[in-house]
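# What the coordinates show
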Amino acid sequence: NPDAYLPDVAGTLNNLGNLSSDNNDMEQAKIQFGEALGLYRELAKTNIRAYNLDVCMTALNLGLFYEQLLKSTGDLALKTSGLALVQEVRERLTIYPPDHPQVVQYQDYVDRITQFFTNFNEDEFLFQQKIEAVTALKDQNKTETIPQQKVSRQEEILRLLEQLTDTLAHNE
């Protein structure tokens, strides 16, 4: 009976998603979390009490994964997806008493993830990316021995600094 093993498969996929994410294999992690969440959702359709918290756990893991990706890519689609996941968890938790230990734990994650996605600002992200680019170019220039390369990087730094200045002036 292959269906008897689906909960174990879903749990393993969720754990593999965490492992892949920890190892920066983001594409694989996304696939594993997605498959685990799909399996748990199907299982919850037939036995909500047995699998609903597993859906919540996996959705929160995927939400945390989207948070990590959004911080590195600025892809706003992740913000929308992350907010949808925490909304699903919020709704699923309503079948339990609010003082249920896992509900309390998961609600803390829901609140934190929701706050992150709600407060994420694309302009601030892009501004920070430019600052990091300037810092990287500056660090590369410290060890540069070819004068033309050094000048080229300095020009790029100036261009980025001008963009940052324009952004700051525009925001005031």
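Residues numbered from 1 in each chain as written. Predicted model: local features only at pLDDT ≥ 70, side-chain atom pairs only at ≥ 80, totals over all residues. Heavy atoms only, no water.

### Looking at the overall build of the protein
- Looking only at helices and strands, the protein has seven helices and zero strands in total.
- Taking 16 Å as the expected radius of gyration for a compact globule of 172 residues, we find that the protein reaches 22 Å, considerably beyond that expectation.
- Seen through its principal axes, the protein has C-alpha atoms that stretch 70 × 40 × 25 Å.
- Of all 172 residues assigned to the protein, the portion counted as buried reaches 34%.
- For the protein, contacts bridging at least 24 residues in sequence account for 64% of all contacts bridging at least 6. (Helix = DSSP H or I, 4+ residues; strand = E, 2+ residues; numbered from the N terminus. Rg over C-alpha atoms; globule rule 2.2 N^0.38 Å. Buried < 20%, exposed > 50% of the residue type's maximum accessible area, 1.4 Å probe, protein only. Contact = heavy atoms within 4.5 Å.)

### A short note on the side chain of serine 20
- Relative to the helices and strands, serine 20 resides in helix α1 (residues 6–22).
- Exposure remark for serine 20: the relative accessible area of 10% places this residue in the buried category.
- A polar contact is formed between the side chain of serine 20 and the side chain of glutamine 32, at a distance of 2.7 Å.
- Beyond its immediate stretch of four places on either side in the chain, serine 20 contacts Asp25, Gln28, Ala29 and Gln32. (Polar contact = N/O pair within 3.5 Å; in protein donor to acceptor, adjacent residues only side chain to side chain.)

### Things to note about the packing of helix α3 (residues 48–73) against helix α5 (residues 101–119)
- Two elements in contact, α3 and α5, have axes whose closest approach is 10 Å; the angle formed by their N-to-C orientations is 25 degrees. In terms of their interaxial angle, α3 and α5 are classed as roughly parallel. Crossing geometry of α3 relative to α5 is assigned as left-handed. For the pair α3 and α5, contact is made by Leu53, Cys56, Met57, Leu60, Gly63, Leu64, Tyr66, Glu67, Leu70 and Lys71 and by Gln102, Tyr106, Tyr109, Val110, Arg112, Ile113, Phe116 and Phe117, respectively.
- Partitioned by chemical class, the residues of the contact of α3 with α5 number 13 nonpolar, two polar and three charged. (Axes fitted to C-alpha atoms, helices over the stretch in contact; angles between N-to-C directions. Parallel < 35°, antiparallel > 145°, perpendicular 65-115°, else oblique. Left-handed = near helix turned anticlockwise from the far one by under 90°. Nonpolar A, V, L, I, M, F, W, Y, C, P; charged D, E, K, R; others polar.)

### Regarding the packing of aromatic side chains
- On inspection of all chains with the given rule, the structure shows five aromatic pairs.
- Taken together, a centroid distance of 6.0 Å and an interplanar angle of 50 degrees make the contact between phenylalanine 116 and phenylalanine 120 tilted.
- Residue phenylalanine 116 is classed as buried on the basis of its relative accessible area of 18%.
- Residue classification places phenylalanine 120 among the buried positions, given a relative accessible area of 12%.
- Between the aromatic rings of phenylalanine 120 and phenylalanine 125, the centroid separation amounts to 5.8 Å while the plane-to-plane angle is 45 degrees, which identifies the pairing as tilted.
- According to the relative accessible area criterion, phenylalanine 125 is buried, its value standing at 10%. (Phe/Tyr/Trp six-rings, centres within 6.5 Å; stacked < 30°, edge-to-face > 60°.)

### A word on the environment of threonine 80
- Relative to the elements of secondary structure, threonine 80 occurs in helix α4 (residues 76–92).
- Judged by its relative accessible area of 56%, threonine 80 is exposed.
- C-alpha separation for the pair threonine 80 and lysine 150, spaced 70 residues apart in sequence, amounts to 42 Å.

### Regarding unusual backbone geometry
- Although it is not a glycine, asparagine 24 adopts a positive phi angle of roughly 60 degrees.
- Mapping asparagine 24 onto the fold places it in the loop between α1 and α2 (26–46).

Keep in mind these values describe shape, not function.
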